[in-house]
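# Coordinates in review
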Amino acid sequence: MQIPVFHFRYRLHVVDLDPSSVTSGGWLEDTSLVEKYKISEEAYDKLDGSDAPVSEVKGGFDAGRIQEVKGWLSFQFESAGKEVPNFEHTPRSIAHFHDLATISKAKTQAAVIVANDFHQKAMEY
């Protein structure tokens, strides 16, 4: 299911002027500032699955999920004018991408609702 994205002539620009904010110094934009979690192959193999996301434990590797993830990735990358990179289709990767797709679709739908509300309020003024 594709959620339509409506484009209005409104733009919301937020500037965080708080010097103690987490946004200061590019922390949210510059991923090189984020410490990466690293785990050895041996430690990963020892995991019993109790730390895995719920969607991964519940069988995140069925054909329907794979197609949904591929469709979502295609839409996202084509919207940016880029080609979808190849990735390994493992239960873990599909589960993570499916979680991202679900969250992304929900946030897009919420943004559409807010944009429609702004548009309606603008028309009332």
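## Some remarks on a nonpolar patch on the surface
A cluster of nonpolar side chains, Tyr-37, Ile-39, Tyr-44 and Leu-47, forms an exposed patch at the surface whose accessible area comes to about 410 Å². Along the polypeptide, Leu-47 turns up in the loop between helix H1 (41–46) and helix H2 (54–57).

## Points about the packing of helix H3 (residues 63–79) against helix H4 (residues 91–124)
Interaxial distance between H3 and H4 falls to 9 Å at its minimum, and their mutual angle equals 55 degrees. By the criterion of interaxial angle, the relationship of H3 to H4 is oblique. Crossing of H3 over H4 shows left-handed handedness. Only Ile-94, Phe-97, His-98, Leu-100, Ala-101, Ser-104 and Lys-105 of H4 make contact with H3, whose side of the interface consists of Arg-65, Ile-66, Glu-68, Val-69, Trp-72, Leu-73 and Gln-76. Class assignment for the residues of the contact of H3 with H4 results in 8 nonpolar, 3 polar and 3 charged.

## Description of the nonpolar core
Formed by Ile-66, Val-69, Trp-72, Leu-73, Ile-94 and Ala-101, the largest nonpolar core amounts to 6 residues. Sorting the residues of this core by element identifies H3 and H4 as the ones contributing at least two each. With 4 residues, H3 is the largest single contributor of residues to this core. Excluding its chain neighbours within four sequence positions, the residues that come into contact with Val-69 are Phe-87, Ile-94, Phe-97 and His-98.

## A few points about H4
Side chains that are three or four residues apart share a direction in an α-helix, a result of its 3.6 residues per turn. Here H4 contains 34 residues, and its C-alpha end-to-end distance of 49 Å stays within 8% of the 50 Å for a straight helix at 1.5 Å per residue. All of the buried residues in H4 are Ser-93, Ile-94, Ala-95, His-98, Ala-101, Ser-104 and Val-112.

## A few points about the pattern of salt bridges
Counted by the stated rule, this structure contains 2 salt bridges. The salt bridge involving Asp-117 is made with Lys-121; its shortest N-O contact spans 3.3 Å. Of this pair, Asp-117 and Lys-121 are both found in helix H4, 4 residues apart, which corresponds to roughly one turn of the helix. We classify Asp-117 as partly exposed; its relative accessible area is 32%.

## Considerations on the environment of Phe-97
Within the fold, Phe-97 resides in helix H4. Sequence separation between Phe-97 and Lys-70 is 27 residues, and the spatial gap between their C-alpha atoms is 9.1 Å. Leaving out residues up to four positions away in the same chain, Phe-97 has contacts with Val-69, Trp-72, Leu-73 and Phe-87.

## Some points on the confidence of the model for the protein
Summarising the model, the protein shows a mean pLDDT of 75, and 66% of its residues fall at 70 or more. By mean pLDDT, the top-scoring element of the protein is H3 (88), and the lowest-scoring one is H2 (46).

## Thoughts on H3
End to end, H3 covers 24 Å across 17 residues, agreeing with the expected 24 Å (1.5 Å per residue, within 8%). Here H3 has its buried residues at Arg-65, Ile-66, Val-69, Trp-72 and Leu-73. Down the axis of H3, the buried side of the element spans an arc of 135 degrees, and every buried residue falls inside it. The exposed set on the far side of H3, more than 90 degrees from its buried face, consists of Ala-63, Gln-67, Glu-78 and Ser-79. Looking one or two residues past H3, Gly-81 carries a phi angle of roughly 75 degrees, positive in sign.

The rules behind the values
- Residues numbered from 1 in each chain as written.
- Predicted model: local features only at pLDDT ≥ 70, side-chain atom pairs only at ≥ 80, totals over all residues.
- Heavy atoms only, no water.
- Patch = residues over 30% accessible without salt bridge, like charges linked within 9 Å, V, L, I, M, F, W, Y side chains within 5 Å.
- Areas by Shrake-Rupley, 256 points an atom, 1.4 Å probe, with all protein chains shown as cover.
- Salt bridge = Lys/Arg side-chain N within 4 Å of Asp/Glu carboxyl O.
- Helix = DSSP H or I, 4+ residues; strand = E, 2+ residues; numbered from the N terminus.
- Axes fitted to C-alpha atoms, helices over the stretch in contact; angles between N-to-C directions.
- Parallel < 35°, antiparallel > 145°, perpendicular 65-115°, else oblique.
- Left-handed = near helix turned anticlockwise from the far one by under 90°.
- Contact = heavy atoms within 4.5 Å.
- Nonpolar A, V, L, I, M, F, W, Y, C, P; charged D, E, K, R; others polar.
- Core = buried A, V, L, I, M, F, W, Y, C linked by side-chain atoms within 4.5 Å.
- Buried < 20%, exposed > 50% of the residue type's maximum accessible area, 1.4 Å probe, protein only.
- Expected span 1.5 Å × (residues − 1).
- pLDDT = per-residue confidence, 0-100.
- Arc of directions from axis to C-beta.

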